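Chain by chain, the residues run as shown.
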Amino acid sequence: MRRVVVVGNGIAGLTACDSLRSAGFDGELTVVGSEVHRPYSRPALSKALLHGEGGSTAHELPHPTHGATELRGVSAAGLDPEAQVVRLAGGETLPYDGLVIASGSRARRLSPEAEAGMPAQELTLRTLEDAVALKQRVAARPSVIVIGGGALGMEVASGCVQAGCEVTLVSDGPPLIRQLGGYLSELFVSAAVGRGLRIVAGGRASLLSAGEGTRVVLADGTVLEAQLVVTAIGDEPNTGWLTGSGLLANGVLHTDSRGRVGPSIVAAGDVAVFPTRRGTERVPLWTSAIDQAKTAALGLLRGDEAPEHDFQPYFWTEGFGLALKSVGFTPLTGPPEFREAGGAENSMLLRWAHPGGSGTSVAVNYRIPIPKLRRLANIGPDALRSPVPAGR
């Protein structure tokens, strides 16, 4: 294998390139990325960058050292697996011996006109340009409606409240309940309401222009109006360029436990559905993209001799004065089976047990090394008394 093409210049693409080099691949490596920027930290866009922490460089990552040819601002338009060729949007073709599909995902929108290239009535937060535009708008302290009660919606709402905006969050059910479960959802809702966030039960919403602002019409007919509307209603995998390739099953890109989707083709990150301990699922988390890309790179080079992917989620979010880190599968049901209070306000270390002896550990405003948090998830409270093995 002398020529590898990586489609996607996000964290999955970057990690795949680094992992290929670390595994000994010294051939021709080409990265195709629709963004004009070198890889950056996407989680920082809704955390440090939006909250004004870390200046304008909070999203920056170290310069790549993999030595690949980078085609930035270039989109893949098609794939011919039999000819082993990637077709680019400009009509050019890239031959390959091995292919890594890491084309990521895009923000889902409420406004269909945005997909057609018309002016959008809503802002989303997915790219660096999105973050810059949102930060500039928020600086004027407009009234804000955030649609979506997941982690991204809550982080955006927190940043807007911190900036001095009047903010309404529209959510189907309690915020974060689908991601974290009721116990942790209540914790964040209490903190958010205490800092001035207004939470409205949603349902399917639609948008209407209203002079200089936008009206949000909820499923029950309730009409809300604000100068700025931000939607955080999920993402959609960038699989359109794979149409006709034979790799998709009902529009979904499935991989095996080594990231393989076809002969000499692997996939990783938000675009792919991977096997996990809970079954097969798409897990659009930053650390999941990194772990999957490492697996996929070795799967491409070593085939059946590569290790299988053993997935354990790591997730973090922050907002409304709370910083949460979680190791293990969520959402969580009921109260934790272990709870230790920390020294600061709302500081706690928690663990939920799962069948089979594994668990999920959560630190809220609690300083703990991630390896130790991982050990707490895997072996329980004894991890707090056990030293972390060297090198972990």
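Caption draft 1: The arrangement of the overall build of the chain in detail. Each helix and strand in the chain was counted, giving nine helices and 27 strands. Since a compact globule built from 392 residues should have a radius of gyration of about 21 Å, the 22 Å found for the chain is in line with a globular shape. Here the C-alpha coordinates of the chain stretch approximately 60 × 60 × 40 Å along the principal axes. In the chain, which comprises 392 residues, the proportion classed as buried is 51%. Sequence separation of 24 or more characterises 60% of the internal contacts of the chain that already satisfy a separation of 6 or more. Roughly 17,500 Å² of accessible area belongs to the chain as shown, and the carbon and sulfur atoms make up 49% of that amount.

Caption draft 2: Representation of empty space enclosed by the protein within the structure. Within the structure shown, the criterion is met by one cavity of 30 Å³ or more. Here the largest cavity is characterised by a volume of approximately 40 Å³. In terms of lining residues, the largest cavity is bounded by N9, G13, L14, C17, V31, P39, P64, H66 and E70. Looking at which element gives the most residues to the lining of the largest cavity, the answer is helix α1 (residues 11-22), with three residues.

Caption draft 3: Just the sheet that holds strand β25 (residues 338-341), in detail. The antiparallel open sheet is built from five strands, whose spatial order is β23-β24-β27-β26-β25. Either end of the sheet is taken by a strand with one partner, and the two such strands are β23 (314-319) and β25. Averaged over all pairs of adjacent strands, the angle between strand axes in this sheet comes to 10°, irrespective of strand direction. The sheet contact formed by β23 and strand β24 (residues 322-327) spans six bridges and is antiparallel. Paired with T317 across the strands is L324, a residue of β24.

Caption draft 4: Local environment of helix α4 (residues 128-138). Within α4, burial applies to L128, D130, A131, L134 and V138. Looking down the long axis of α4, one finds its buried residues gathered within 155° of arc, a one-sided arrangement. Looking at the packing, one finds that the buried side of α4 touches α2 (43-49), α5 (151-162) and β15 (228-231).

Caption draft 5: Layout of the packing of aromatic side chains. As enumerated under the stated definition, the model contains three aromatic pairs in all. Both rings, one in Y183 and one in W352, keep their centres 5.7 Å apart while their planes meet at 75°; by these two values the pair is edge-to-face. Of this pair, Y183 sits in helix α7 (residues 182-194) while W352 sits in strand β26 (residues 348-353), and the two are 169 residues apart along the sequence. Accessibility expressed as a relative area gives 3% for W352, which makes it buried.

Caption draft 6: Main features of the pattern of salt bridges. Taken as a whole and judged by the stated rule, the model has 15 salt bridges. Among the salt bridges present, the one from R278 reaches E281, with a minimum N-O distance of 3.0 Å. Given the relative accessible area of 49%, R278 is considered partly exposed. The network of salt bridges with shared partners includes R106, R108 and E236.

Caption draft 7: Spotlight on the environment of G181. You can see G181 is positioned in the loop between α6 (177-180) and α7. By relative accessible area, G181 is classed as buried at 3%. When the C-alpha positions of G181 and L332 are compared, they lie 4.7 Å apart, and in sequence the two are 151 residues distant. Dropping the residues within four chain positions of it, G181 is found in contact with L176, P331 and L332.

Caption draft 8: Inspection of the sheet that holds strand β19 (residues 260-262) at higher detail. What the six strands build is an open sheet, ordered β3-β2-β1-β7-β20-β19; its pairing is mixed. The strands lining the two open edges of the sheet, one partner per strand, are β3 (69-72) and β19. Mean inter-strand twist for the sheet, computed between neighbouring axes without regard to direction, equals 20°. Strand direction decides the pairing type here: strand β2 (residues 28-33) and β3, joined by four bridges, are parallel.

Caption draft 9: Layout of unusual backbone geometry. Between T330 and P331 the backbone carries a cis peptide bond, its omega angle lying at 10°. Within the fold, P331 resides in the loop between β24 and β25. At S264, a position not held by glycine, the phi torsion is positive, near 65°. Along the chain, S264 falls in the loop between β19 and β20 (265-267). With phi around 55°, N346 is a residue other than glycine that occupies positive phi space. Secondary-structure assignment places N346 in the loop between β25 and β26.

Caption draft 10: Representation of the nonpolar core within the structure. Ranked by internal contacts, the top residues of the largest apolar core, which has 40 residues, are V167, L184 and L197. Not counting residues within four places of it along the chain, the set of residues in contact with L197 comprises M154, A157, V161, V167, L169, A192 and F320. Counting residues in each nonpolar core, the second largest holds 24 residues, with A16, F25, A268 and A293 among its members.

Caption draft 11: How the structure looks around the packing of α1 against helix α8 (residues 286-302). Packing of α1 against α8 brings their axes to within 8 Å, and their N-to-C directions diverge by 40°. By the angle between their axes, α1 is oblique relative to α8. Here the hand of the crossing between α1 and α8 comes out right-handed. Residues I11, A12, T15, A16, S19 and L20 of α1 form the contact with α8, whose participating residues are W286, A289, I290, A293, K294, A297, L300 and L301. Across the contact of α1 with α8, the residue classes tally to eleven nonpolar, two polar and one charged.

Rules used throughout
- Residues numbered from 1 in each chain as written.
- Predicted model: local features only at pLDDT ≥ 70, side-chain atom pairs only at ≥ 80, totals over all residues.
- Heavy atoms only, no water.
- Helix = DSSP H or I, 4+ residues; strand = E, 2+ residues; numbered from the N terminus.
- Rg over C-alpha atoms; globule rule 2.2 N^0.38 Å.
- Buried < 20%, exposed > 50% of the residue type's maximum accessible area, 1.4 Å probe, protein only.
- Contact = heavy atoms within 4.5 Å.
- Areas by Shrake-Rupley, 256 points an atom, 1.4 Å probe, with all protein chains shown as cover.
- 1 Å grid on protein atoms, 1.4 Å probe; cavity = no way out; pocket = protein on both sides within 12 Å on 5 of 7 lines; lining within 4 Å.
- Points joined across faces, edges and corners; volume = space filled by probe spheres on them.
- Pairing = 2+ DSSP bridges.
- Axes fitted to C-alpha atoms, helices over the stretch in contact; angles between N-to-C directions.
- Arc of directions from axis to C-beta.
- Phe/Tyr/Trp six-rings, centres within 6.5 Å; stacked < 30°, edge-to-face > 60°.
- Salt bridge = Lys/Arg side-chain N within 4 Å of Asp/Glu carboxyl O.
- Core = buried A, V, L, I, M, F, W, Y, C linked by side-chain atoms within 4.5 Å.
- Parallel < 35°, antiparallel > 145°, perpendicular 65-115°, else oblique.
- Left-handed = near helix turned anticlockwise from the far one by under 90°.
- Nonpolar A, V, L, I, M, F, W, Y, C, P; charged D, E, K, R; others polar.

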